[in-house]
Amino acid sequence: MSNPQKVEVKKQHCENHQKCMEMIQAVLDGSASPDEIEHFKSHIDECLPCIEGYELEKSIKEGLKNKIERKCCPQKTVDLLKVKIGVSLFILGFVVVEIKIIQLIFQS
Amino acid sequence: MEEDEEVLDIQPRYSKEEQYRIFDKEFMPHIDSMYNFAFRLTNDEDDSNDLLQDTYLKAFRFINSFQEGTNAKAWLFRILKNSFINDYRKKSKEPSKVDYQEVETVYNSSEDAEYESTVDLRTESVQDMIGDEVAMALNGLPVDFRTVIILCDIEGFTYEEMAKILDIPIGTVRSRLHRARNLLKDKLRSYAKTMGYKELR
Ligand SMILES: [Zn+2]
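Residues numbered from 1 in each chain as written. Chains lettered and ligands numbered in written order. Predicted model: local features only at pLDDT ≥ 70, side-chain atom pairs only at ≥ 80, totals over all residues. Heavy atoms only, no water.

**Some points on the overall build of chain A**
Looking only at helices and strands, one finds 5 helices and 0 strands in chain A. Across chain A, helices and strands are ordered from the amino to the carboxyl terminus as α-α-α-α-α. A burial count over chain A gives 35% of its 108 residues as buried. Taking the contacts inside chain A whose residues are at least 6 apart along the sequence as the reference set, 70% of them involve residues at least 24 apart. As presented, chain A carries roughly 7,200 Å² of accessible surface, and 62% of it is formed by carbon and sulfur atoms. (Helix = DSSP H or I, 4+ residues; strand = E, 2+ residues; numbered from the N terminus. Buried < 20%, exposed > 50% of the residue type's maximum accessible area, 1.4 Å probe, protein only. Contact = heavy atoms within 4.5 Å. Areas by Shrake-Rupley, 256 points an atom, 1.4 Å probe, with all protein chains shown as cover.)

This is the structure:
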């Protein structure tokens, strides 16, 4: 990717930085189209604001992913939920049994 | 509410045993991610517990509209996000809709100044920050902007999945993320300034 003729001359100003940044973010997010990935690879070396933008976005993305504490669901919430689901299954089963009993009574 | 009903139509499909199995095997493994999402939205442990339980009970009630083998995590996140908007957002201390629109308008008008305003936030400053500072900057964002960052950067959803979770087109996901990140950079920049990170370099 490092073309020796190009590498020395980097653009100091990006004419279309907002569009560039959307593309750079899509690349970092793994949601860029093949065309965008291609464009990114062939042009990122040429533009200083875009290189800096890429590095900054990358560090923020990593910071969000790795530095912010991930909260885990408290065990008592899990237990309570299981009880509630179990109860609703039980009631459902009970209703089915009840209907069958009523049917039996009315059939006889 | 209406949104939920439209997607979650009830067709008796799974037997009771299957419902139990799907709930255990497909839904329960995501409970920590779901709790973390609830916590990042509400910033309150009690609210997170309530929101999580409401979501899982709703998921169980509408289990027949879940297609086995499809993306359970995205399906659950969508229910949680809708529950949050319908039931929790009203009572929370979030900035109102007006504030949100204001932020978006103000931001749009200063779009041209984007590069100039980001130069003084350095990669090294961000790398030096601790989790609490990054979390506080994230918490400072209006909820719609915070949500896209949580889904993308913390949970790693693709734009396509986010579009489904949020019921918005992929183009809107992209532009909202872009705006959210610029706002986040503003917050991080003010932290970097107060902490004197810039001077350290
Ligand atoms: Zn550029």
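**Comments concerning the overall build of chain B**
Within chain B, the regular secondary structure consists of 13 helices and 0 strands. Counting helices and strands in the order they occur from the N terminus, chain B gives α-α-α-α-α-α-α-α-α-α-α-α-α. In chain B, of all internal contacts separated by at least 6 residues, the share reaching a separation of at least 24 is 77%. Carbon and sulfur atoms form 51% of the exposed surface of chain B, whose accessible area is close to 9,500 Å².

**Considerations on the interface of chain A and chain B**
Facing 42 residues of chain A, the contacting portion of chain B comprises 50 residues. Regarding the contact of chain A and chain B, the summed buried area is about 4,200 Å², with carbon and sulfur atoms giving 62% of it. For the pair chain A and chain B, the number of links is 6 salt bridges. At the boundary of chain A with chain B, the tally comes to 19 residue pairs in polar contact (both at pLDDT 80 or more). Classifying every residue of the side of chain A that touches chain B gives 17 nonpolar, 11 polar and 14 charged. (Buried area = accessible area lost by both parts, 1.4 Å probe. Salt bridge = Lys/Arg side-chain N within 4 Å of Asp/Glu carboxyl O. Polar contact = N/O pair within 3.5 Å; in protein donor to acceptor, adjacent residues only side chain to side chain. Nonpolar A, V, L, I, M, F, W, Y, C, P; charged D, E, K, R; others polar.)

**Re the pattern of salt bridges**
In this structure the tally under the stated criterion is 17 salt bridges over all chains. Two residues, B:Arg181 and A:Asp29, come together in a salt bridge whose shortest N-O distance is 2.9 Å. Within this pair, whereas B:Arg181 is found in helix H12 (residues 170-195), its partner A:Asp29 is found in the loop between helix H2 (17-28) and helix H3 (34-43), the two belonging to separate chains. The residues B:Arg181 and A:Asp29 share a single accessibility class, namely buried. Note that B:Glu124 and B:Arg122 form a salt bridge whose closest N and O atoms lie 3.4 Å from each other.

**Examining the side chain of B:Thr42**
Residues and elements named next belong to chain B. Tracing the chain through its elements places threonine 42 in helix H3 (residues 31-42). At 2.9 Å, the side chain of threonine 42 and the backbone oxygen of alanine 38 are in polar contact. Once residues lying within four places of it in the same chain are set aside, the contact partners of threonine 42 are Asp47, Ser48, Leu51 and Phe84.

**Overview of the environment of A:Leu81**
Residues and elements named next belong to chain A. Mapped onto the fold, leucine 81 is located in helix H5 (residues 75-107). Assessed through its relative accessible area of 1%, leucine 81 is described here as buried. With 19 residues separating them along the chain, leucine 81 and lysine 100 place their C-alpha atoms 29 Å apart.

**Some thoughts on the domain arrangement of chain B**
All names here are of chain B. Assigned domains within chain B: domain 1 (2-91) and domain 2 (100-195). Every contact between the two is made by 16 residues of domain 1 and, on the other side, 16 residues of domain 2. Between domain 1 and domain 2, a total of about 1,400 Å² is buried, with carbon and sulfur atoms accounting for 53% of that surface. The tally of links from domain 1 across to domain 2 stands at 3 salt bridges. Across the pair lysine 73 and glutamate 155 runs a salt bridge whose closest N-O atoms are separated by 3.0 Å. (Domains from an automatic or database assignment.)

**Considering empty space enclosed by the protein**
For the structure shown, the criterion picks out 4 cavities of 30 Å³ or more. Taken as a whole, the largest cavity spans an internal volume of roughly 50 Å³. Every residue along the wall of the largest cavity is listed here: A:Gln25, A:Leu28, A:Asp29, A:Glu57, A:Ile60, A:Lys61, A:Leu64, B:Ile149, B:Asp153, B:Arg181 and B:Leu184. For the lining of the largest cavity, the secondary structure elements donating two or more residues are H2 and helix H4 (48-67) of chain A together with helix H10 (143-154) and H12 of chain B. (1 Å grid on protein atoms, 1.4 Å probe; cavity = no way out; pocket = protein on both sides within 12 Å on 5 of 7 lines; lining within 4 Å. Points joined across faces, edges and corners; volume = space filled by probe spheres on them.)

**A word on a nonpolar patch on the surface**
Residues and elements named next belong to chain A. A contiguous nonpolar patch, built from Val97, Ile101, Ile102, Ile105 and Phe106 and spanning about 520 Å² of accessible area, is present on the exposed surface. Along the chain, valine 97 turns up in helix H5. By relative accessible area, which is 46% here, valine 97 ends up partly exposed. (Patch = residues over 30% accessible without salt bridge, like charges linked within 9 Å, V, L, I, M, F, W, Y side chains within 5 Å.)

**Considerations on the coordination of the zinc ion**
All names here are of chain A. The zinc ion binds to the protein through Cys14 (SG), Cys47 (SG) and Cys50 (SG); the donor distances cover 2.2 to 2.5 Å. Of note, the donors binding the zinc ion are all from one chain and are spaced C-x32-C-x2-C. A residue pair is termed long-range when its members are at least 10 positions apart, and cysteine 14 in the loop between helix H1 (4-7) and H2 and cysteine 47 in the loop between H3 and H4 qualify at 33 residues. For cysteine 47, a relative accessible area of 4% corresponds to the buried category. (Donors = N, O, S within 2.8 Å, 3.2 Å for Na, K, Ca; no water.)

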